[in-house]
Amino acid sequence: MLTIFGVGRVAKDIELKTVDVDGKENRVCEFDVACRLRDKKTSFIRVEIWSEFAVACAKYLKKGSLISFTGEGVIRSYTRTDGSYGTEIKVINPNIDFLNDKKEKETKDE
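Residues numbered from 1 in each chain as written. Predicted model: local features only at pLDDT ≥ 70, side-chain atom pairs only at ≥ 80, totals over all residues. Heavy atoms only, no water.

K.L.:
When you look at the pairing of strand 2 (residues 15–21) in this model, what are you seeing that I'm missing?
P.N.:
Regular strands show a simple pattern: their side chains alternate between the two faces of the sheet. Bridging between strand 2 and strand 3 (residues 24–36) involves seven bridges; their strand directions are antiparallel. For glutamate 15, the partnering residue across the bridge sits in strand 3 and is glutamate 30. Here strand 2 folds back onto strand 3 in antiparallel fashion, the turn holding two residues, of which aspartate 22 has a positive phi close to 55 degrees. (Pairing = 2+ DSSP bridges. Helix = DSSP H or I, 4+ residues; strand = E, 2+ residues; numbered from the N terminus.)

Here is the structure:
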């Protein structure tokens, strides 16, 4: 099992989707988290959340929100439309802690 822990900012506003799973409707959201590496570069980790926690994430997290997450990771390779190869790192249903968000920090600094 691959466990991934990270701290970063939500890269864009979250879209909540309704999908059919075995004849039942279920809610899901996927979003990227920008995580700063030691060498000052940024990596993007894909996060996938299901059910009621997906609704809470879509409601309370916005672009720039700071979160920490821990969960089981999945690494997937794929071919882009131009023929080049890419790799996606995804964390499915992680434990997420909502940390201070960008707007709170700006308010405190004023």
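K.L.:
What exactly am I supposed to notice about unusual backbone geometry here?
P.N.:
Among all residues save glycine, negative phi is the norm, and among peptide bonds the norm is trans. Although it is not a glycine, lysine 40 sits at a positive phi angle of roughly 70 degrees. Residue position: lysine 40 is located in the loop between strand 3 and strand 4 (42–50). A positive phi angle is found at asparagine 93, which is not glycine, with a value near 45 degrees. As for its position among the elements, asparagine 93 is in strand 6 (residues 85–98). Using a relative accessible area of 43% as the deciding quantity, one classes asparagine 93 as partly exposed. (Buried < 20%, exposed > 50% of the residue type's maximum accessible area, 1.4 Å probe, protein only.)

K.L.:
What is the right way to read a nonpolar patch on the surface from this model?
P.N.:
A grouping of Leu2, Ile75 and Ile89 is seen on the molecular surface, where their side chains present a nonpolar patch of about 240 Å² in accessible area. With respect to the helices and strands, isoleucine 89 occurs in strand 6. You can call isoleucine 89 partly exposed: its relative accessible area is 32%. (Patch = residues over 30% accessible without salt bridge, like charges linked within 9 Å, V, L, I, M, F, W, Y side chains within 5 Å. Areas by Shrake-Rupley, 256 points an atom, 1.4 Å probe, with all protein chains shown as cover. Salt bridge = Lys/Arg side-chain N within 4 Å of Asp/Glu carboxyl O.)

K.L.:
Any chance you could explain the side chain of lysine 90 here in plain terms?
P.N.:
Inspection of the secondary structure puts lysine 90 in strand 6. Judged by relative accessible area, lysine 90 falls into the buried class, the value being 16%. In this structure the side chain of lysine 90 is engaged in a polar contact, spanning 2.9 Å, whose partner is the side chain of glutamate 30. For lysine 90, the residues in contact, after removing those within four places along its chain, are Glu30, Arg46, Glu48, Glu72, Gly73 and Val74. (Polar contact = N/O pair within 3.5 Å; in protein donor to acceptor, adjacent residues only side chain to side chain. Contact = heavy atoms within 4.5 Å.)

K.L.:
Is there a simple way to explain helix 1 (residues 51–60) in this structure?
P.N.:
Helical geometry note: an α-helix holds 3.6 residues per turn, so side chains three or four residues apart project in the same direction. Listing the buried residues of helix 1 in full gives Ala54, Cys57 and Ala58. Burial along helix 1 is one-sided: seen end-on, the buried residues are contained in an arc of 95 degrees. Exposed side of helix 1, more than 90 degrees from the buried face: Glu52 and Lys59 are the residues found there. Residues of helix 1 that are buried make contact with strand 2, strand 3, strand 4 and strand 6. (Arc of directions from axis to C-beta.)

K.L.:
How do you make sense of the nonpolar core when you look at a structure like this?
P.N.:
The tendency in soluble globular proteins is for nonpolar side chains to be buried as a group. With 18 residues, the main nonpolar core has Phe31, Ile49, Phe69 and Ile96 as its most contacted residues. Among the elements of the structure, strand 1 (3–10), strand 3, strand 4, helix 1, strand 5 (66–79) and strand 6 are those that each provide at least two residues to this core. Ranked by residue count, the leading element in this core is strand 3, at four residues. Ignoring any residue separated from it by four or fewer positions in sequence, one finds phenylalanine 69 in contact with Ile4, Phe5, Gly6, Val7, Val33, Cys35, Ile45, Val91, Pro94, Asn95 and Ile96. (Core = buried A, V, L, I, M, F, W, Y, C linked by side-chain atoms within 4.5 Å.)

K.L.:
Is there a simple way to explain the pattern of salt bridges in this structure?
P.N.:
When the charged atoms of two side chains lie near each other, side chains of opposite charge can form a pair. Per the stated rule, a full pass over the model turns up six salt bridges. One salt bridge in this structure joins lysine 90 and glutamate 48, with 3.0 Å as the shortest N-O distance. In this pair, lysine 90 sits in strand 6 while glutamate 48 sits in strand 4, placing the two residues 42 residues apart along the sequence. We classify glutamate 48 as buried; its relative accessible area is 11%. Note that glutamate 88 is salt-bridged to arginine 76, the shortest N-O span being 3.2 Å. On the criterion of sequence distance, the pair formed by glutamate 88 in strand 6 and arginine 76 in strand 5 is long-range, its members being twelve residues apart.

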